[in-house]
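Okay, here's what each chain looks like letter by letter:
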Amino acid sequence: MINCTEIKPGMTFTWENDLYQCIDISLNKTAMAKMKVKVKVKNPRTGVVKELSLISGDQVEPAYIDKREMQYLYDDGESLWFMDNETYEQINIPADRLEWEKQFLTESMNVNISIYEGEVLGVMLPDKVTLRIVECEPAVKGNTATSASKNAKLETGLEIRVPLFIENDELVLINTADGKYSGRA
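Along each chain, numbering runs from 1 in the same order as the chain's sequence is written. Given that the model is predicted, a residue must reach a pLDDT of at least 70 before its local features are reported, and side-chain atom pairs must reach 80 or more before they are shown or counted; all residues, however, enter totals for whole chains, interfaces and linings. The basis for the side-chain values is all heavy atoms of the structure; hydrogens and waters are excluded.

(A) Broad picture of the sheet that holds strand β1 (residues 2-3). For two strands to be treated as a pair, DSSP must find at least two bridges joining them. Only runs of H or I of at least four residues qualify as helices and only runs of E of at least two qualify as strands under DSSP, and these elements are numbered from the N terminus. Spatially, the 6 strands line up as an open sheet ordered β1-β6-β2-β3-β4-β5, and their pairing is antiparallel. The open sheet has two free edges, formed respectively by β1 and β5 (49-55), since each of these has just one partner strand. Two elements, strand β2 (residues 12-15) and strand β3 (residues 18-28), share 4 bridges in a ladder whose sense is antiparallel. Bridge pairing in β3 links threonine 12 to glutamine 21.

In structure tokens, the structure reads:
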């Protein structure tokens, strides 16, 4: 157990039987009162972000998240299947828990899976992924009065905006945080 004032951003801990990851923390000490600790946290199980109000002296239990590198195998419609690169053990994660992540996953791609006490929490994507454009609008000459971009569809089904010079079958880098074009691969 550690004091709540020792929590740092990025740290994972349990409080009142819930698992949280610290995003930000602020300490406020006024005269003749205990220190107030406001912790902005994210629940790794649900993705919900909220703020916890604690006071100096409250104890939290540090939680250790295991990260294992696994290879994405396939999507069977209900679940996404992954294989551990060392033990060849296969696990599945329900597709509804990975709505955002599956837009960036291609077969045989290596990703990190976060696991807490045997429970699979989710997929940790790299900052950027390389995907192929399968469908792209033709560039219209002279259509550069506004931002010079056009619609494109990627191999995973994700639709993005790309610069006019990008063509079909090109590999592009996509930022996984916001799903936007980042550059050519």
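Back to the write-up after that little detour.
(B) Inspection of the pattern of salt bridges at higher detail. Salt bridge, as used here: a side-chain nitrogen of Lys or Arg that lies within 4 Å of a carboxyl oxygen of Asp or Glu. Tallying each qualifying case throughout the model produces 5 salt bridges. Residues lysine 102 and glutamate 99 are paired through a salt bridge, measuring 3.9 Å at the closest nitrogen-oxygen approach. Buried, partly exposed and exposed residues are distinguished by accessible area as a fraction of the type maximum, computed with a 1.4 Å probe on protein chains only: under 20%, between the cut-offs, and over 50%, respectively. Note on lysine 102: relative accessible area 27%, which makes it partly exposed. Residue glutamate 170 is joined to arginine 184 by a salt bridge in which the shortest nitrogen-to-oxygen separation is 2.9 Å. With glutamate 170 in the loop between β14 (159-163) and β15 (171-175) and arginine 184 in strand β16 (residues 180-184), this pair connects stretches of sequence that are 14 residues apart. Look at arginine 184 and you get partly exposed, because its relative accessible area is 46%. Within the structure, one salt-bridge network assembled from shared partners comprises Arg68, Asp84 and Glu89.

(C) Geometry of the layout of surface pockets. Taken as a whole, the largest pocket encloses approximately 670 Å³ of empty space. In this analysis, the protein atoms alone were mapped onto a 1 Å grid. Cavities are point sets where a 1.4 Å probe fits without being able to get out; pockets are open sets with protein on both sides within 12 Å along at least five of seven lines; lining residues have an atom within 4 Å of a point. Lining the largest pocket are 27 residues; nearest its centre among them are Lys42, Pro44, Ser114, Val123 and Met124. Mapped onto the lining of the largest pocket, the elements with two or more residues apiece are β3 and β11 (119-124). If one sorts the elements of the lining of the largest pocket by residue count, β11 sits on top with 4 residues. Residues are grouped as follows: Ala, Val, Leu, Ile, Met, Phe, Trp, Tyr, Cys and Pro are nonpolar; Asp, Glu, Lys and Arg are charged; all remaining types, including Gly, are polar. Among the residues making up the lining of the largest pocket, the classes are represented as 12 nonpolar, 9 polar and 6 charged. Grid points are joined across faces, edges and corners, and a volume is the space filled by probe spheres set on the points.

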